[in-house]
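Letter by letter, the chains look like this.
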Amino acid sequence: VTLDIKLQARVEAVLSPELGLMRVQEWHRKRESDLPEGTPLRGAVVVLEIESGEVIAMASSPALPPLRDKQNVDGNPWLNRAANGLYPPGSIIKPLVLAAAMTVGELRPDESIECTGHYFEHVTDAARCWIYRSKYNYQTHGHLKPVEAIARSCNFFFYDLGTRLGLERLSDWLQKFGMSKPLAVQLTHEHDSGTQGHVPTQADINKLRKRGALKFETVSVAIGQGTLTWTPLQAAAAFATLARGGVWLSPSLVKGLHQQTEDLNLNQESVSLALQGLHDSISKPYGTGARLHSPATNNEPTFNVDSIRIWGKTGTAQAPSYRLNDGSKLDGLDHSWFVVMASTMNNPHPEFVVAVLVEHGGSGGLVAGPIANQILHALQAEGYLESTP
């Protein structure tokens, strides 16, 4: 198998309740309506070597209980969330949408789009940019070009790209990047076609058009909401595709296994701009993945691994209701995503991709980000990202 057992052990340790990153912390909570402090969190991590497409670590939390404890099913530990858990992607698909739009000529490399806060002229409480909220004093991003749009994760910019593409082309491109694409059978249950994920089909699109809901669904899908689902494994494979310049390679868990490959023929300038935006998202003060924005953290850097290059994207995706132990439900929660790529300083191209998903965790940067940081430390400790003198 492709798994590195030492790295796997470190990854599972990061996801252990004892470490604390998979329990709700005081600094996770931005609202009174968030999960109570101390609540165990569920999620998954995938670590993929980009060049080979090999999965070198893959973990799901909560871990399987001991065989003698089959009645302990709290948190559904029998679900492999990394390969079989289906989640809306949120903003982590934005660099993929950018690459698609530029490849088909719907966006010029030097073109700017003005963020005005809300996309539909007379609707101010829907299809909004994430900073067009009362707590941010209804700010807007103003004019943005592609790189800064990714770094700032401007919703409005991608609403516009989604509209230019249309839902048919947008769905087709997301499928090309691996959303709803079947993975190698050794990574999922062969009989379980539901683990492939979902993008809007032509039948879905026809129904939306008849209901007059097509425009809103299109802009929702363009920022990773709407009727989209995929797995953390598919997310890692999609980012690896971008890092390879547009070559999709099916991820593998078995060494030497024949892997499917497909060249998406991406515009290479779009790839460069997407990667630059992902780098700025981590390295620029305004990047959504750069710092832990919470009073309790004093805005510390999200990543503190020495002597490596990092690219990354946060994602915060609307989640279904969470059932508490007392039987009550919490609504309005979000899944937390962070996909990060890394290489040694002497390599300008990403070598590894880490996809982190935390169910109902909230902020992608605040909750999934510190987990991604610890996985990069684990990679470096196991010799994958060794510091150069």
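Residues numbered from 1 in each chain as written. Predicted model: local features only at pLDDT ≥ 70, side-chain atom pairs only at ≥ 80, totals over all residues. Heavy atoms only, no water.

Caption draft 1: A look at the pairing of strand S1 (residues 42-49). The buried fraction of S1 amounts to six of the eight residues, a majority that puts the element mostly inside the structure. Note: S1 against strand S11 (residues 352-359), eight bridges, orientation antiparallel. Its bridge partner lying in S11, Gly 43 is registered against Val 358. Bridge count for S1 against strand S2 (residues 55-61) is six bridges, and the pairing is antiparallel. From the neighbouring strand, Leu 48 faces S2, where its bridge partner is Val 55. Two successive antiparallel strands, S1 and S2, enclose a turn made up of five residues, where Gly 53 displays a positive phi of approximately 75 degrees. (Buried < 20%, exposed > 50% of the residue type's maximum accessible area, 1.4 Å probe, protein only. Helix = DSSP H or I, 4+ residues; strand = E, 2+ residues; numbered from the N terminus. Pairing = 2+ DSSP bridges.)

Caption draft 2: Highlighting unusual backbone geometry. Following Ser 61, the chain continues into Pro 62 via a peptide bond in cis, with omega recorded as 10 degrees. For Pro 62, the position within the fold is in the loop between S2 and helix H2 (81-84). The phi torsion at Ala 127 lies on the positive side, around 50 degrees, for a residue other than glycine. Relative to the assigned elements, Ala 127 resides in the loop between strand S3 (113-115) and strand S4 (142-144). A positive phi angle is found at His 360, which is not glycine, with a value near 55 degrees. Tracing the chain through its elements places His 360 in the loop between S11 and helix H10 (364-381).

Caption draft 3: Fine view of the nonpolar core. Of all hydrophobic cores here, the largest spans 76 residues; its most connected members are Leu 98, Phe 157, Phe 158, Leu 161, Trp 230, Met 341 and Val 353. A per-element tally of this core places helix H5 (residues 155-176) first, with ten residues. If sequence neighbours within four positions are ignored, Leu 161 has contacts with Val 97, Leu 98, Ala 101, Leu 107 and Ile 113. In terms of nonpolar packing, the next biggest core, distinct from the first, is built from 40 residues, Ile 56, Ile 282, Val 356 and Ala 368 among them. (Core = buried A, V, L, I, M, F, W, Y, C linked by side-chain atoms within 4.5 Å. Contact = heavy atoms within 4.5 Å.)

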